[in-house]
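Examination of the molecular architecture
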Amino acid sequence: MELHGLTLHKLRELIIKKEITAKDAAFAYTRRIGQVEPEVNAFLTLTPDKTIEMADKADKALCGGQFDAGLPALTGIPLAIKDNMCTKGIKTTCASRMLENFVPPYESTATARLAAAGYVLLGKTNMDEFAMGSSTENSAFGTTKNPWDLGRIPGGSSGGSAAAVAADMCAAALGSDTGGSIRQPAACCGVVGLKPTYGRVSRYGLVAFASSLDQIGPITKDVEDCAIMMNAIGGHDPLDSTSADVDLPDFTANLKDGIKGLKVGMPKEYFVEDGIDKEVYGSLMEAVKTLKSLGAEVREITLPHSGYAIATYYILATSEASSNLARYDGVKYGYRATGHADLLDMYKRTRSEGFGPEVKRRIMLGTYALSSGYYEAYYKKAQQVRTLIKRDFDEAFKDVDIIITPTSPTPAFRLGEKTADPMQMYLSDIFTISVNLAGIPGLSLPCGTTSNNLPVGMQILGRHFDEETVLRAAYAYEQATDWHTRKPGLS
Amino acid sequence: MQYEPVIGLEVHAQLKTASKIFCGCSTKFGRGPNSQTCQVCIGMPGVLPVLNKTAMDFIIKTGLAMNCTVAPYSRFARKNYFYPDLPKGYQISQYELPVCQGGYVEIAIDGETKRIGLTRIHLEEDAGKNLHEGIEGASHVDLNRTGVPLMEIVSEPDIRSASEAAEYMRKLRAILRYIDVCDGNMEEGSLRCDANVSVRPVGRKEFGTRAELKNMNSFKNVQKAIEYEIKRQIAVIEDGGKVAQETRLWDTSRGITLSMRGKEEAHDYRYFPEPDLVPVEVSKEWQDGIRATMPELPDAKRERFVREYGIPDYDAMVLTESRALADYYESAAKLSGAPKQASNWIMGDVLRELKSAGAEAEQCPLEPERLAGMIKLIESGVISGKIAKTVFEEIYGSKKTADEVVKEKGLVQITDEGEIAKAIDEVMAANPQNVEQYRTGKVALIGFFVGQVMKKTGGKANPGVVNDLLRKKLA
């Protein structure tokens, strides 16, 4: 297999054994990007100079003598970063006109930790504007295509990152997930995506969409890669008050311990045949059999408040967004409209011209929900329901160790299929949204393909700060199947 | 009809922390525009606030000093509005769960103590400043002040006059300065005040419609603005009109309040809990630790001064207005062993000198040691009170001690009876007619003789001895 097709952990092995240099790896990916990026459009910014510079640095570390195990985990590994994580001196646009030319003078904690681990940056990936969307069609700079079918969406909002991993344009990538934005595109593109527990990964430098829901996580080619990435980016950060001061385990340590006796819950509210694509349902049922064959005990559970998740989410997320996006006012940085009459006119024009339609829709929804006279009925009520949803999971996890669901009710849909109907688009996240509301970890991994060769994703949920069990279950399933080895038929 | 004003104050006090409330930038005043900013206080994409613990310590200390309940669990909220000096488009403040609730401060009004209730004290960040002057066709924004920690102290509507309002402000300032959390400078804006003012006919229970007054940047202006507003509202009602609910600005130069915005234009701030900060839990240990650092507060000190030093309550109140002045008095009282004399000299001469120089007690050039030295000379009869006035002038602006001045200028009091008797004899010999008149009953002439003897001795004769001897010799 060519270098770009390897998993992160295989690539790492070659690099630390000095069979290849970091520059070899970097060139392999830049070549691959040159070949398929014109078709996929996964990147907003490519950083060739930075790539060489970082690969050079990695090679120097490799020559430095201190051998192998002592080397930082990602030495020389080429990665892609979603364009809502601030990278010092490198454009960070959030796929918005508003930040089209914004160059942050600071680095996000997640990317700073990758840098400390020795990674090599390839570029910044496409996304739905300000991470609002499920198809990457809300990008102000063009849609990313699904590498499995260029006529379909890659999912979103981290569609660029998922497509880049699926198309072997990077060894792995970072995404962010507010309501399914890592897991749903991972499912659509047939790769692994993990939304860690809220508070596991620092949000410092992640451009905020909905602060109480946003979380950064890895998108990788397999589960082991995911664990390696988590080791690098996780852990308490004094710059983020909401990052949890809990021990960071070595996520690779118990990865291969198997799942004999593991209790697996299937929420009856999620496995409703008429709410899910037939083939997706079928794939999940097959996966259940596999889990059982590996020694897991599978049982039905109930999450009674699941039906309120979408409504709750779209009140809370938009409320926070309406406030988080207020800073884009044309005064300090970013886009400013010209030809304004006065201050108010400058604000109005800047925000009308700088934001796309979905972002504006959500700002308006959130502004409304927080308005005096509506706050109690919307925001406050939604917070109460959020507590009930969280309690559902707490109850369920008294009886089971993990919960499995489909990641998305359908495989990747066609470009343009849902752009005219926001409600249809919002429903693509029906299985992922509760997880953000509850703050628990959720992972998507491939568990099948449809008859027209589109990947299907299975979601595995765990207790707060128990990514280890989620990863262990995912690894066991993955090793028993070959879905993760399948590649899209790109030239 | 008689009207009664109902007043509540919202006071913003800037905390004396070295760094800002949510980032590490300095809070120093008067540096070049935007020189004390970082990505956090500028509100760049993706940055997050981290609460300054010292700001929490300060508000807890304030709450304890003002008899508040310090909430075991409080949280921050976002107050959303657009303005160029507000870089995030929201101010991080507190709404539903402030750090301090309830409490009160006591003020002295016409010799009576009145308790002014507090609703709450909460923590928030300051905004920046828009700059318009000297810039053609544009406005600039200076974000140095953005993120400087503020405490908002909200009173109950317990205040009934403009002078009570001013007295309440003075008391707040005194407490804040005692506990060293705010420098209390109204002119520089580190202490700011908004007032909610309404009037109602005496005897009525319901409040009238209130106006919110802003832009009063001194104690005097607080009093003047409220006085004006009370009169204005009464006039509106007497004319058969209705007081509008609105925000009004105090115009210092014209001495009037002007409507800034009405109820219809009031902002909807869309408060909601700040998701970027975790709720703050204040443990009993945290509170106790801060209580242990609490200095003696003005009221307690004032009572103690009356009790221990036997000075009048009014003097004790004046002397405890600032911690520095109280400390000054207390050292002078102890060192001189004459607390009443010390009080008289400080209340009179020292405060007069300070006031004319516009200085505070901590800047007084005359140390309490040297003042006490002078008082000792008076007490031991070395100099008279009259001579002491001259000595005071000499030592106040110099480094000299009273002893040195007295020696240098030969100001030692004459108490030697022989010397004084000699002077009296000379005076009597020179004024036989007056002696005659005195002896025939015009005893008021004693003053004349005293004056003459003092003149002869260059003011140095002990007045008591002079009086005694004169009476004997004239008898």
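Refer to the structure printed above.
Residues numbered from 1 in each chain as written. Chains lettered and ligands numbered in written order. Predicted model: local features only at pLDDT ≥ 70, side-chain atom pairs only at ≥ 80, totals over all residues. Heavy atoms only, no water.

1. What about the overall build of chain B?
Within chain B, the secondary structure is distributed over 16 helices and 17 strands. A compact globule built from 475 residues would reach a C-alpha radius of gyration of about 23 Å, whereas chain B, at 30 Å, exceeds it by more than 25%. Within chain B, the proportion of its 475 residues that are buried is 52%. Looking at chain B as shown, the accessible area adds up to about 22,200 Å², and 50% of this sits on carbon and sulfur atoms. Each charge sign in chain B was given a centre, from 64 positive and 68 negative side chains, and these centres are 2 Å apart. (Helix = DSSP H or I, 4+ residues; strand = E, 2+ residues; numbered from the N terminus. Rg over C-alpha atoms; globule rule 2.2 N^0.38 Å. Buried < 20%, exposed > 50% of the residue type's maximum accessible area, 1.4 Å probe, protein only. Areas by Shrake-Rupley, 256 points an atom, 1.4 Å probe, with all protein chains shown as cover. Lys, Arg positive; Asp, Glu negative; His and termini not counted. Charge placed at Lys NZ, Arg CZ, Asp CG, Glu CD.)

2. Digging into the sheet that holds strand β1 (residues 43-46) of chain A
All names here are of chain A. Strand order in this open sheet of eleven strands is β1-β3-β2-β4-β6-β5-β10-β11-β9-β7-β8, and the pairing throughout is mixed. Strands at the two margins of the open sheet, each flanked by one partner only, are β1 and β8 (297-301). The sheet shows a mean angle of 30° between the axes of neighbouring strands, taken without regard to direction. Bridge count for strand β7 (residues 263-267) against strand β9 (residues 402-406) is two bridges, and the pairing is parallel. From the neighbouring strand, valine 264 faces β9, where its bridge partner is isoleucine 402. Across the sheet, helix α12 (residues 376-399) lies against β7, β8, β9 and β11 (455-461), angled at about 120° from β9, the strand it touches most. (Pairing = 2+ DSSP bridges. Axes fitted to C-alpha atoms, helices over the stretch in contact; angles between N-to-C directions. Contact = heavy atoms within 4.5 Å.)

3. Some points on the interface of chain A and chain B
Often, the extent of an interface is quoted as the loss of accessible area upon association of its parts. The interface of chain A with chain B comprises 39 residues on the first partner and 31 residues on the second. Approximately 2,800 Å² of surface area, both sides summed, lies buried where chain A meets chain B, with 58% of it carried by carbon and sulfur atoms. The interface formed by chain A and chain B includes two salt bridges. Glutamate 96 of chain B serves as the salt-bridge partner of lysine 380 of chain A, at 3.3 Å between the closest nitrogen and oxygen. Applying the counting criterion to the chain A and chain B interface returns 18 residue pairs in polar contact (both at pLDDT 80 or more). Counting only elements with at least two residues in the side of chain A that touches chain B, the list comes to α9 (309-324), α10 (343-354), α11 (357-370) and α12 of chain A. Counted by class, the side of chain A that touches chain B contains 21 nonpolar, eleven polar and seven charged residues. (Buried area = accessible area lost by both parts, 1.4 Å probe. Salt bridge = Lys/Arg side-chain N within 4 Å of Asp/Glu carboxyl O. Polar contact = N/O pair within 3.5 Å; in protein donor to acceptor, adjacent residues only side chain to side chain. Nonpolar A, V, L, I, M, F, W, Y, C, P; charged D, E, K, R; others polar.)

4. Things to note about the side chain of serine 176 of chain A
Residues and elements named next belong to chain A. You can see serine 176 is positioned in strand β4 (residues 172-177). Taking the relative accessible area as the measure of exposure, serine 176 reaches 2% and is therefore buried. A distance of 2.9 Å separates the side chain of serine 176 from the side chain of lysine 82, its partner in a polar contact. Excluding residues within four positions of it along the chain, serine 176 makes contact with Lys82, Asn84, Met85, Ala131, Ser157, Ser158, Ser181, Ile182, Leu206, Gln215 and Ile216.

5. Description of the sheet that holds strand β4 (residues 77-80) of chain B
Where strands meet in a sheet, backbone hydrogen bonds hold them as pairs that are either parallel or antiparallel. Overall, antiparallel pairing links the three strands, which are arranged β5-β4-β16 (chain B) in an open sheet. The strands lining the two open edges of the sheet, one partner per strand, are β5 (90-93) and β16 (272-273) of chain B. Where β4 of chain B meets β16 of chain B, two bridges bridge the pair, whose relative direction is antiparallel. In the strand pairing of β16 of chain B, alanine 77 of chain B is matched with proline 273 of chain B. Those strands touched by α9 of chain A are β4, β5 and β16 of chain B, and its axis lies near 60° from that of β4 of chain B.

6. Description of helix α8 (residues 323-336) of chain B
Residues and elements named next belong to chain B. Its 14 residues place the ends of α8 20 Å apart at the C-alpha level, agreeing with the 20 Å of an ideal helix rising 1.5 Å per residue. Residues of α8 that are buried include every one of Leu325, Ala326, Tyr328, Tyr329, Glu330, Ala332, Ala333 and Ser336, and no others. At its buried positions, α8 is contacted by α3 (162-178), α6 (298-309), α7 (313-319), α9 (339-357) and α10 (368-379). Where α8 ends, the next residue or the one after it, glycine 337, has phi of about 70°, a positive value. (Expected span 1.5 Å × (residues − 1).)

7. Description of the environment of glutamine 184 of chain A
Residue and element names in this part refer to chain A. Secondary-structure assignment places glutamine 184 in helix α6 (residues 183-189). Through-space distance from the C-alpha of glutamine 184 to that of alanine 112 is 26 Å; in sequence the pair is 72 residues apart. Other than its neighbours up to four places away in sequence, glutamine 184 contacts Ser134, Ile153, Gly155, Gly156, Thr407, Ser408, Phe413, Ser428 and Asp429.

8. Remarks on the environment of glycine 439 of chain A
Residue and element names in this part refer to chain A. Positionally, glycine 439 belongs in the loop between α14 (433-438) and β10 (442-449). Between the C-alpha atom of glycine 439 and that of lysine 390, which follows or precedes it by 49 residues, the distance is 7.8 Å. Those residues in contact with glycine 439, other than ones at most four positions away along the chain, are Lys195, Thr197, Tyr198 and His464.

9. Overview of the nonpolar core
With 160 residues, the main nonpolar core has Leu74, Leu79, Leu114, Phe130, Phe393 and Met458 of chain A as its most contacted residues. When residues no more than four places from it in sequence are discounted, the contact partners of leucine 74 of chain A are Leu8, Leu79, Leu114, Ala117, Gly118, Tyr119, Ile228, Met229 and Ala232 of chain A. Core analysis: the second largest hydrophobic core is formed by 101 residues, Ile92, Cys100, Ala342 and Tyr396 of chain B among them. (Core = buried A, V, L, I, M, F, W, Y, C linked by side-chain atoms within 4.5 Å.)

10. Section: a nonpolar patch on the surface
On the surface, a nonpolar cluster with roughly 280 Å² of combined accessible area is contributed by Tyr368, Tyr374 and Tyr378 of chain A. Note on placement: tyrosine 378 of chain A falls in helix α12. (Patch = residues over 30% accessible without salt bridge, like charges linked within 9 Å, V, L, I, M, F, W, Y side chains within 5 Å.)

11. What about the packing of aromatic side chains?
Following the criterion strictly, the structure yields 27 aromatic pairs over all chains and no others. Taking the centre distance of 5.7 Å and the plane angle of 70° together, the rings of tyrosine 81 of chain B and tyrosine 269 of chain B count as edge-to-face. A residue pair is termed long-range when its members are at least 10 positions apart, and tyrosine 81 of chain B in the loop between β4 and β5 and tyrosine 269 of chain B in the loop between β15 (256-262) and β16 qualify at 188 residues. With centroids separated by 6.4 Å and ring planes inclined at 90°, the aromatic side chains of tyrosine 438 of chain B and phenylalanine 449 of chain B adopt a geometry described as edge-to-face. Taken as a pair, tyrosine 438 of chain B in helix α14 (residues 432-439) and phenylalanine 449 of chain B in helix α15 (residues 446-456) lie far apart in primary sequence, eleven residues in all. The pair formed by tyrosine 438 of chain B and phenylalanine 449 of chain B is uniform in burial state, with each residue classed as buried. Taken together through their ring pairs, the aromatic side chains of Phe102, Phe130, Tyr328, Tyr333 and Phe355 of chain A make up a single cluster. The ring of phenylalanine 413 of chain A carries lysine 418 of chain A above its face, with NZ or CZ at 4.3 Å from the centroid. For the cation-ring pair, arginine 115 of chain B lies above tyrosine 104 of chain B, with the distance from its terminal atom to the ring centre recorded as 3.6 Å. (Phe/Tyr/Trp six-rings, centres within 6.5 Å; stacked < 30°, edge-to-face > 60°. Lys NZ or Arg CZ within 6 Å of the ring centre and 35° of its normal.)

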